[in-house]
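Listed below are the residues making up each chain.
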Amino acid sequence: MKTIGVDVGGTKILCRLVDTDTGKARGRSKCSTPKTGPEDVLKAVVDLIHELDPANEAEAVGIGFPGYVRADGVVVHCTNIVGWDRPLDVSARLGAILGKTVVVGNDVSVGALAEYRLGKSMDSASSTVDAGDDLLAVFVGTGVGGGLILGGKIRSGGRGLAGEIGHVTVVPGGELCGCGELGHLEAYAGKAGMERRARSMAGRGQASQLVDTMQEGSLKSRQLLAAFKADDPVTIQLLSEAADALALAIGNVSAVLDVPHVVLGGGVTSRLGQEFVDQIKSSDWFGGFGPESVELSLASRIDDAGSIGAGILAGDHLRARRE
Ligand SMILES: [Zn+2]
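None of the values given here were measured: they were computed from a predicted structure. (Residues numbered from 1 in each chain as written. Predicted model: local features only at pLDDT ≥ 70, side-chain atom pairs only at ≥ 80, totals over all residues. Heavy atoms only, no water.)

As a further point, take the sheet that holds strand S9 (residues 135-140). Taken together, the five strands give an open sheet; going across it, the order is S11-S10-S9-S12-S13, and neighbouring strands pair in mixed fashion. The open sheet has two edge strands with one neighbour each: strand S11 (153-154) and strand S13 (295-298). Packing of helix H8 (residues 233-257) onto the sheet brings it into contact with S9, strand S10 (144-150), strand S12 (261-265) and S13, and relative to S9 it is tilted by some 160°. Sitting on the sheet, helix H10 (residues 274-281) is in contact with S12 and S13, with an inclination near 160° to S13. (Pairing = 2+ DSSP bridges. Helix = DSSP H or I, 4+ residues; strand = E, 2+ residues; numbered from the N terminus. Contact = heavy atoms within 4.5 Å. Axes fitted to C-alpha atoms, helices over the stretch in contact; angles between N-to-C directions.)

Below, the structure is given as structure tokens:
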């Protein structure tokens, strides 16, 4: 089946034509995410779909959003999209405009679905994940997102919060998280948290290459890698604490759910690569039954997981409705 998979991010929107039988994607239309509110974001999505599929080959459309997405097709809010602070029934709205089924999901959850499905049966040569029906995907970028696949399906939970590993407490009463609580994983392993900590360390007289290179801008993954390679002591400390926090949370979650595979993706992880994965595996903080109990691997799809996963989700939905 041919579907269209759309990945709506805080900075760009990427749209691909997906063959749901093979998991292969072709064509690519993309644009910067409009900063003028959700209506313009939806208009941009429709324009990209028309541009990508002028012959109208696709049978359905799947869209991943960076926020709280309900199973009935309503996108409740997206923290990284300017002005998206009220629920919008995206499935109904875009379905009527495009004349086909439109399915929506959380971006990390659909990314996890792509990693699971591509690893399990499709294109296995380039995959890092093998058999098994349960998988946890952890995406480390500005924040830390999580996606949970149980029994081969996305588990969203009653409130859409399942898999939100970024807000697991790793240090009681610890650093401030973006959500307002203290001591969450995201405060230690997310780029925004590391940036806050590097700046406050600099304020206390502990200079670092990180603060020198980012100056007034926000921390980039490449700056993190460069400072790490240059043996910057603050960066080494922050990344070591990030690896410890990830090891603690991942080990604990896999112990609760008996999830055998954990895939690590996102900008920070993909930039730091296998060395960072190995650092997590060798951390003394590893929770649950230890690193031997979990297969930890790098995501195989760095840029495409969101769009391909959204396309696969749309295909699954259509297939289930026809059965
Ligand atoms: Zn939090």
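Here the narrative resumes.
A common way to report how large an interface is uses the accessible area buried once the components associate. Domain boundaries in the protein define domain 1 (2-114 + 303-322) and domain 2 (128-298). Summarising the inter-unit geometry, the C-alpha centres of domain 1 and domain 2 are found 26 Å apart. For the pair domain 1 and domain 2, the summed buried area comes to about 750 Å², and 74% of that belongs to carbon and sulfur atoms. For the domain 1 face of the interface with domain 2, the top three residues by lost area are Val108, Ser109 and Ala112, together amounting to 56%. Summed over the shared surface of domain 1 and domain 2, the number is zero salt bridges. Linking domain 1 with domain 2 are zero residue pairs in polar contact (both at pLDDT 80 or more). Element by element, the count of residues in the side of domain 1 that touches domain 2 is highest for helix H3 (residues 107-120), at six residues. (Domains from an automatic or database assignment. Buried area = accessible area lost by both parts, 1.4 Å probe. Salt bridge = Lys/Arg side-chain N within 4 Å of Asp/Glu carboxyl O. Polar contact = N/O pair within 3.5 Å; in protein donor to acceptor, adjacent residues only side chain to side chain.)

Our focus in this paragraph is helix H11 (residues 305-322). Across its 18 residues, H11 extends 26 Å between first and last C-alpha, which sits within 8% of the 26 Å expected from 1.5 Å per residue. Among the residues of H11, Ala305, Gly306, Ser307, Ile308, Gly309, Ala310, Gly311, Ile312, Leu313, Ala314, Gly315 and Leu318 are the ones counted as buried. (Expected span 1.5 Å × (residues − 1). Buried < 20%, exposed > 50% of the residue type's maximum accessible area, 1.4 Å probe, protein only.)

One recurring pattern in soluble globular proteins: nonpolar side chains tend to sit buried together. With 47 residues, the main nonpolar core has Val138, Ile165, Leu185, Leu246, Ile250, Ile280 and Leu296 as its most contacted residues. Broken down by element, this core gets its largest block of residues, 12 residues, from H8. When sequence neighbours within four positions are dropped, the list of residues in contact with Val138 reads Val144, Gly145, Ile165, Leu246, Ile250, Val262, Val263, Leu264 and Gly265. Membership of the second largest hydrophobic core comes to 29 residues, among which are Val8, Val45, Leu48 and Val104. (Core = buried A, V, L, I, M, F, W, Y, C linked by side-chain atoms within 4.5 Å.)

Taken as a whole and assessed by the stated rule, the structure comprises one cavity of 30 Å³ or more. Here the largest cavity is characterised by a volume of approximately 30 Å³. Forming the boundary of the largest cavity are Phe228, Leu239, Leu272, Glu275, Phe276 and Gln279. With three residues, the top contributor of residues to the lining of the largest cavity is H10. Partitioning the lining of the largest cavity into residue classes produces four nonpolar, one polar and one charged. (1 Å grid on protein atoms, 1.4 Å probe; cavity = no way out; pocket = protein on both sides within 12 Å on 5 of 7 lines; lining within 4 Å. Points joined across faces, edges and corners; volume = space filled by probe spheres on them. Nonpolar A, V, L, I, M, F, W, Y, C, P; charged D, E, K, R; others polar.)

It is worth spelling out the coordination of the zinc ion at this point. Taken together, His167 (ND1), Cys177 (SG), Cys179 (SG) and His184 (ND1) make up the protein donors of the zinc ion, found 2.0 to 2.3 Å from the metal. Between the four donor atoms coordinating the zinc ion, the angles at the centre fall across 100 to 117°, so the site counts as tetrahedral. Mapping the donors of the zinc ion onto the primary sequence yields the spacing H-x9-C-x1-C-x4-H. Residue classification places Cys177 among the buried positions, given a relative accessible area of 3%. (Donors = N, O, S within 2.8 Å, 3.2 Å for Na, K, Ca; no water. Tetrahedral: all angles 85-135°; square planar, octahedral: opposite > 155°, others 65-115°.)

Turning next to the environment of Val102. For Val102, the position within the fold is in strand S8 (residues 101-106). Linking Val102 and Ala60, residues 42 residues apart in sequence, is a C-alpha distance of 6.0 Å. Discounting chain neighbours no more than four positions away, the residues touching Val102 are Val61, Ile63, Val90, Ser91, Leu94 and Gly95.

The next point concerns the pattern of salt bridges. Where charged atoms from two side chains of opposite charge approach closely, those side chains can pair. Summed over all chains, the structure comprises 14 salt bridges. In this structure, Glu39 and Arg93 form a salt bridge, with 2.5 Å as the shortest nitrogen-oxygen distance. Placement of the pair is Glu39 in helix H1 (residues 38-52) and Arg93 in helix H2 (residues 90-98), with a sequence separation of 54 residues. Given a relative accessible area of 34%, Arg93 falls into the partly exposed group. Within the structure, one salt-bridge network assembled from shared partners comprises Asp21, Arg117, Asp316 and Arg319.

We now examine the packing of H8 against H10. The geometry of a pair of packed helices is captured by two quantities: the angle between their axes and the separation between those axes. Following both chains from N to C, one finds H8 and H10 inclined at 60°, their axes separated by 8 Å at the closest point. The angle between the axes of H8 and H10 places the two elements in the oblique class. For H8 against H10, the interelement crossing comes out right-handed. Touching Leu239, Ser240, Ala242, Ala243, Leu246 and Ala247 of H8 are Phe276, Gln279 and Ile280, all from H10. In the contact of H8 with H10, the residues fall into seven nonpolar, two polar and no charged. (Parallel < 35°, antiparallel > 145°, perpendicular 65-115°, else oblique. Left-handed = near helix turned anticlockwise from the far one by under 90°.)

Let us look at the side chain of Ser307. Along the polypeptide, Ser307 turns up in helix H11. You can call Ser307 buried: its relative accessible area is 0%. Within the local environment of Ser307, its side chain forms a polar contact with the backbone oxygen of Asp304, the two atoms lying 3.2 Å apart. Sequence-distant contacts of Ser307, defined by excluding residues within four places in its chain, comprise Gly5, Val6, Asp7, Leu14, Arg16 and Val18.

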